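A structural walkthrough
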Amino acid sequence: MFARTYDCLIVGAGPAGCRLALGLVEQGLEVLLLDHLRPTYSGPHESVIGWTSSGWFGAGRKAIEAALPQWDALRRGAIWGSEEVRWQNEFLLGGLIRRGEFDRRLRAQCVDAGVTLAAPATLAARRDDGTWVVRDSQCDHRVRARTVVVATGRARRSAPLPAPEVIGPPLLAVTVLGTPAGEDRGSAVIESVPDGWSWCTALPEGPASAVLMIEPALLAGGPSRAAIAGVLATCRGPAGRLRDWRVVCANDATPRCRPPHAALLALGDAAATVDPMASQGVEKALHMADSVAGLIAPAIANPDWLPQLCRGHAEREHQLARTCQLRAQDFYRAETRWAERPFWRARQAAAPSAPAPVVPTGPLRVAPNARPGMVVTVGHRTCRAQPGWNDERTGRGLSQIGGLPLTPLFGLFERPRSLAEAVAAAATVPELFVSSPAKVREALLLLCADGWLIPAGS
Ligand SMILES: Cc1cc2nc3c(=O)[nH]c(=O)nc-3n(C[C@H](O)[C@H](O)[C@H](O)COP(=O)(O)OP(=O)(O)OC[C@H]3O[C@@H](n4cnc5c(N)ncnc54)[C@H](O)[C@@H]3O)c2cc1C
């Protein structure tokens, strides 16, 4: 059924996988896209918000518009920080994504563009000869892939990727569908309640959805009807007026970042999931897919770059996820009414401030595991190799730090020197002397903090 060799095998045909597949066939690459058709998104309705138009997520917006040509004219409101509903259409410029329909349209775009789509299908195993076993409903197929991207969403276990690390308080998302009150039709309302928050979307027709975001401990005995009814009863807005509701799914929505794998690129939620409060998961997935589309051809041409490409891409995913996390925290901090309740206490805690840098007093040297070599740096849709240093233990590569080139900084430590001596010596090095002593010192402290410079006696 499948051709035997693909330039890229993508596992997971959600927004991230589909957008990447499209980006690759546009470059003339052969792509096999798999999906087992058991998605874990939050329910029928998700939203994209105004920041989509900022340019940061510009390419993602194009993909969304191509898949959903019409924006919904919903009244968008918030009950947050007070009992009042504040209608804020002009602020929320974005739109509603009908998950399911949206994903189907993205997949149809892929097939039209020449992607080979296998669904339902999944990756069953890797053989010793380097081939992959793809399992569909009929049988197993052996395929070769020059690169493999895992875009399987938020599932915590996604073999063979390493387990993700938690970057925010635990969060459970329970989605219910029900009949909205007549006056709530045509609205989307976010509302804070003592034990979390809800997001209720009531279209002009059909059932409304409400996602309840709560502490998992609240439903420790399972998502019982009584416990969910208890949370809904605290909602003053449309979620509290739903009738005949039923639970459609419960998802672990805890924000997480996954450490990089040496040979497989993780993309979208598989690389980093953000707090749903940020409303940016889909945009992040599309944006990072565009970014990875620029890495696959270089990875095929230079297979030995792959570990550094995986690491560089993971760092960008994590950075973006942490930025989204900060945005979510701003929203949480704007609600102060239930500061003593566990849900809000966990989210309003001050962000842990970075520890003050330890200023080394004695002589320093370059760590023995640092080796000069080519370093691959990853940017948006680009990567390039340049001379730098590799950490033999962690595989991390670095060509500059704090805006200063690494090789002349390391040159300051041809013999052990204290921080102050090295800063003074930098004034005589052609590549460094244009930089202020404060900038050189800052760069050297970063090298100490990252373990590239160590006490000479250790
Ligand atoms: C409660 C909640 C509310 C949210 N609200 C919003 C919101 O309002 N706005 C927003 O932008 N984002 C929101 N998000 C986040 C958004 O759902 C995700 O960030 C987004 O879906 C990530 O896209 P993805 O392509 O990385 O993963 P997914 O959309 O999860 O797609 C992964 C795909 O991989 C497939 N798959 C998984 N495992 C395998 C396997 N082993 N083999 C084959 N196929 C596999 C799945 O079937 C699925 O199609 C919300 C998330 C939650 C939990």
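Residues numbered from 1 in each chain as written. Predicted model: local features only at pLDDT ≥ 70, side-chain atom pairs only at ≥ 80, totals over all residues.

1. Considering the overall build of the chain
- When helices and strands are tallied, the chain shows 11 helices and 26 strands.
- Relative to its length of 458 residues, the chain is compact, with a C-alpha radius of gyration of 25 Å against a globular reference of 23 Å.
- Along the first, second and third principal axes, the C-alpha atoms of the chain reach 75 × 60 × 40 Å.
- Counting only residues that meet the buried cut, the chain has 43% of its 458 residues in that class.
- Counted over contacts in the chain with a minimum sequence separation of 6, partners at least 24 positions apart contribute 69%. (Helix = DSSP H or I, 4+ residues; strand = E, 2+ residues; numbered from the N terminus. Rg over C-alpha atoms; globule rule 2.2 N^0.38 Å. Buried ≥ 20, exposed ≤ 12 C-beta atoms within 10 Å, placed from the backbone. Contact = placed C-beta atoms within 7 Å.)

2. Remarks on the domain arrangement of the chain
- Considered domain by domain, the chain is made up of domain 1 (5-72 + 84-162 + 256-348), domain 2 (172-252) and domain 3 (364-455).
- Taking only C-alpha atoms, the centre of domain 1 and the centre of domain 2 are 26 Å apart.
- If you look at the interface, domain 1 gives 15 residues, while domain 2 gives 19 residues.
- Elements represented by at least two residues in the side of domain 1 that touches domain 2 include exactly strand 3 (45-48) and helix 8 (342-348).
- Here the residues of the side of domain 1 that touches domain 2 sort into 7 nonpolar, 5 polar and 3 charged. (Domains from an automatic or database assignment. Nonpolar A, V, L, I, M, F, W, Y, C, P; charged D, E, K, R; others polar.)

3. Quick look at the confidence of the model for the chain
- Looking at the chain as a whole, its pLDDT mean stands at 89, while 91% of the residues score no less than 70.
- Counted against residues more than four places away or in other chains, residues 52-56, with its pLDDT under 50, gives 8 contacts. (pLDDT = per-residue confidence, 0-100.)

4. Concerning the pairing of strand 21 (residues 370-379)
- Bridge count for strand 21 against strand 22 (residues 382-391) is 10 bridges, and the pairing is antiparallel. Residue pairing across strands places Val376 opposite Ala385, the latter belonging to strand 22.
- Counted between consecutive antiparallel strands, the loop separating strand 21 from strand 22 contains 2 residues, among which Arg381 sits at a positive phi close to 65°. (Pairing = 2+ DSSP bridges.)

5. Observations regarding the sheet that holds strand 23 (residues 397-398)
- Reading across from one edge, 21-22-23 is the order of the 3 strands in this open sheet, with antiparallel pairing throughout. Edge positions in the sheet fall to strand 21 and strand 23, since each of these pairs with one other strand and no more.

6. A look at the site of the ligand
- In the neighbourhood of the ligand, 39 residues make up the surrounding shell, with Gly12, Gly14, Gly153, Gly268 and Gly281 lying closest.
- Within the residue set of the shell around the ligand, elements represented by two or more residues are helix 1 (15-25), strand 3 and helix 5 (281-293).
- Broken down by element, the shell around the ligand gets its largest block of residues, 4 residues, from helix 5.
- Residues of the shell around the ligand, tallied by class, amount to 18 nonpolar, 15 polar and 6 charged.
- Each of domain 1 (5-72 + 84-162 + 256-348) and domain 2 (172-252) accounts for three or more of the residues forming the shell around the ligand. (Near = placed C-beta within 6 Å.)

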